[in-house]
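Residue-level structure breakdown
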Amino acid sequence: MRCVWVEAWDGSQKMKGGEKIHVVQLPVDHSRKGSSSWLRVARNASNLTQDHKDASR
């Protein structure tokens with residue numbers, strides 16, 4: 001039985017955009033389990049906007 005990663009590599013070479021197999025995804029941060037990613041993104045965006053306004057004064 002061939003290794004599943006060898007199969008993935010061979011398959012990616014035949015696909016359009018197959019070079020994306022080189023992009024390594026960061027591991028999931030399980031310490032944030034149960035929290036809202038949308039709220040975190042919105043709060044960060046709000047904080048960046050406020051910081052930008054404060055810096056321009």
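Regarding the side chain of Ser 12
Its place among the elements puts Ser 12 in helix 1 (residues 4–13). Apart from the residues lying within four places of it in its own chain, the contact partners of Ser 12 are Gly 18 and Ile 21.

Observations concerning the environment of Asp 29
Here Asp 29 is to be found in the loop between helix 1 and helix 2 (37–55). Residue Asp 29 is classed as partly exposed on the basis of its relative accessible area, which comes to 41%. On a C-alpha basis, the gap between Asp 29 and Lys 53 in space is 31 Å, while along the polypeptide they are 24 residues apart. Among the polar contacts made by the side chain of Asp 29, one reaches the side chain of Ser 31 at a distance of 2.5 Å. At 3.3 Å, the side chain of Asp 29 forms a polar contact with the side chain of Arg 32.

About the thresholds
Residues numbered from 1 in each chain as written. Predicted model: local features only at pLDDT ≥ 70, side-chain atom pairs only at ≥ 80, totals over all residues. Heavy atoms only, no water. Helix = DSSP H or I, 4+ residues; strand = E, 2+ residues; numbered from the N terminus. Contact = heavy atoms within 4.5 Å. Buried < 20%, exposed > 50% of the residue type's maximum accessible area, 1.4 Å probe, protein only. Polar contact = N/O pair within 3.5 Å; in protein donor to acceptor, adjacent residues only side chain to side chain.

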